[in-house]
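Okay, here's what each chain looks like letter by letter:
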Amino acid sequence: RNRNGSANKCTCLAEKDLGKPSFSDTFWYECNERGDRTMKEQLNRENIEALSAYRFLRAKETLKEIPYLKQQGYYNTAVNRLYYACYYAAVALLIKHEINPGTHAGVKQMIGLHFVATGRMSRELGRCFSLLFERRHSSDYDDFAYSSEEEIDELLPKATDFIEAIEVLLKE
């Protein structure tokens with residue numbers, strides 16, 4: 001049953017609101033593989049803030065893994081963790097603003113649309129997130145893709161700047 005109490009098949013929440021369901025709707029119900037709606041908890045403002053804070057904490061914790069991975073020579077894994085640190089921070093920001101893109105590409109797109117295009121985040125930081133997205137994908141999925149210590153040295157300060165900028169935006 002949906003919020004109005006009627007039982008029906010889900011045509012797909014993604015068709016609503018220009019292709020994206022609202023954040024609170026995704027926690028009220030979602031569709032299973034057959035298209036049936038399943039109930040979910042609707043988040044109130046306090047829970048949204050708590051979830052956002054949790055995701056941001058994950059970002060900072062993940063960033064702390066990088067020196068160890070670099071020291072051990074796990075450069076591809078370090079690129080992966082750099083991306084995920086930024087991803088967790090980006091998701092924290094989107095959660096706070098009740099934006100739920102649903103995919104990694106969607107997170108990148110929504111950061112660009114709601115924060116870079118509006119001038120709330122610099123284009124350079126937006127490019128940083130896009131670069132990490134591409135490098136992570138390549139290091140995880142491309143054959144014979146090897147990251148280097150120099151690449152980690154290049155990406156770590158950019159990822160740190162991205163996460164620090166998100167922290168400022170989260171405090172607004």
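For clarity, every value in this text was computed on a predicted model and none was experimentally measured.

What counts, and where the lines are drawn
- Residues numbered from 1 in each chain as written.
- Predicted model: local features only at pLDDT ≥ 70, side-chain atom pairs only at ≥ 80, totals over all residues.
- Heavy atoms only, no water.
- Axes fitted to C-alpha atoms, helices over the stretch in contact; angles between N-to-C directions.
- Helix = DSSP H or I, 4+ residues; strand = E, 2+ residues; numbered from the N terminus.
- Parallel < 35°, antiparallel > 145°, perpendicular 65-115°, else oblique.
- Left-handed = near helix turned anticlockwise from the far one by under 90°.
- Contact = heavy atoms within 4.5 Å.
- Buried < 20%, exposed > 50% of the residue type's maximum accessible area, 1.4 Å probe, protein only.
- Disulfide = S-S within 2.5 Å.
- Polar contact = N/O pair within 3.5 Å; in protein donor to acceptor, adjacent residues only side chain to side chain.
- pLDDT = per-residue confidence, 0-100.
- Core = buried A, V, L, I, M, F, W, Y, C linked by side-chain atoms within 4.5 Å.
- Expected span 1.5 Å × (residues − 1).
- Arc of directions from axis to C-beta.
- Salt bridge = Lys/Arg side-chain N within 4 Å of Asp/Glu carboxyl O.

Participant: For this particular structure, what's the right way to read the packing of helix α2 (residues 45–63) against helix α4 (residues 75–96)?
Facilitator: The axes of two packed helices give the description: the angle between them and the distance between them. At a minimum axis distance of 8 Å, the contact between α2 and α4 shows a crossing angle of 165 degrees. Classed by the angle they form, the pair α2 and α4 counts as roughly antiparallel. Regarding α2 and α4, the two cross each other, and that crossing is left-handed. Contacts between α2 and α4 involve Arg 45, Ile 48, Glu 49, Leu 51, Ser 52, Arg 55, Phe 56, Arg 58, Ala 59, Thr 62 and Leu 63 from the former and Arg 81, Leu 82, Tyr 84, Ala 85, Tyr 87, Tyr 88, Ala 89, Val 91, Ala 92, Ile 95 and Lys 96 from the latter.

Participant: I'm lost on the environment of Gly 73 in this one. Help?
Facilitator: Checked against the element boundaries, Gly 73 lands in the loop between α3 (66–71) and α4. Residue classification places Gly 73 among the partly exposed residues on the basis of a relative accessible area of 33%. Spatially, the C-alpha atom of Gly 73 lies 9.6 Å from that of Ser 147, the residues being 74 residues apart in sequence.

Participant: Sorry if this is basic, but what is going on with the state of the cysteines here?
Facilitator: Should the sulfur atoms of two cysteines be covalently bonded, the bond is a disulfide. Within the structure shown, the criterion is met by zero disulfides. Distance from the sulfur of Cys 86, which forms no disulfide, to the nearest cysteine sulfur (Cys 128) is 5.2 Å. By relative accessible area, Cys 86 is classed as buried at 0%. Cys 128 gets classed as buried once you look at its relative accessible area, which sits at 6%.

Participant: Sorry if this is basic, but what is going on with the side chain of Asn 80 here?
Facilitator: As for its placement among the helices and strands, Asn 80 is situated in helix α4. Overall, the relative accessible area of 13% leaves Asn 80 in the buried class. In terms of polar contacts, Asn 80 uses its side chain to reach the side chain of Asp 140, at 2.8 Å. Excluding its chain neighbours within four sequence positions, the residues that come into contact with Asn 80 are Arg 136 and Asp 140.

Participant: Can you walk me through the confidence of the model for the protein in this structure?
Facilitator: Low pLDDT marks stretches whose predicted atomic positions should not be read closely. Per-residue pLDDT for the protein has a mean of 82; in total, 76% of the residues score no lower than 70. Here strand β2 (residues 37–39) is the element of the protein with the lowest mean pLDDT, 40, and α3 is the one with the highest, 98. Predicted confidence is poor over residues 1–29, with pLDDT under 50, and the contacts of this stretch with residues over four places away or in other chains come to 53 contacts. Note that pLDDT drops below 50 for residues 36–40; the model gives that stretch 20 contacts with residues more than four away or on any other chain.

Participant: Explain the nonpolar core here, please?
Facilitator: Among soluble globular proteins, nonpolar side chains are generally buried collectively. Counting 45 residues, the largest nonpolar core has Ile 111, Met 121 and Phe 162 as the members making the most contacts within it. Taken together, the elements giving at least two residues each to this core come down to α2, α3, α4, α5 (104–116), α6 (123–141) and α7 (149–171). For this core, the element with the highest residue contribution is α4, accounting for 16 residues. In contact with Met 121, other than residues within four places in its own chain, are Ile 111, Phe 115, Val 116, Gly 126, Phe 162, Ile 166 and Leu 169.

Participant: Which parts of the structure should I look at to understand α2?
Facilitator: With 19 residues, α2 extends 27 Å between its outermost C-alpha atoms, agreeing within 8% with the 27 Å of an ideal straight helix rising 1.5 Å per residue. Those residues of α2 that fall on the buried side of the exposure criterion are Ile 48, Ser 52, Phe 56, Ala 59, Thr 62 and Leu 63. Viewed end-on, α2 has its buried residues packed into an arc of 120 degrees, placing them on one side of the element. Its side-chain oxygen at 3.1 Å from the backbone nitrogen of Glu 46, Asn 44 defines the N-terminal cap of α2.

Participant: Explanation requested: the pattern of salt bridges in the structure shown.
Facilitator: Scanning all chains against the criterion turns up ten salt bridges. With its nearest N and O atoms 3.0 Å apart, the salt bridge here joins Arg 81 to Glu 65. Separated by 16 residues along the polypeptide, Arg 81 in helix α4 and Glu 65 in the loop between α2 and α3 bring together distant segments of the chain. Taking the relative accessible area as the measure of exposure, Arg 81 reaches 17% and is therefore buried. Judged by its relative accessible area of 32%, Glu 65 is partly exposed. Between Asp 140 and Arg 136 there is a salt bridge, with its nearest N and O atoms 3.5 Å apart.

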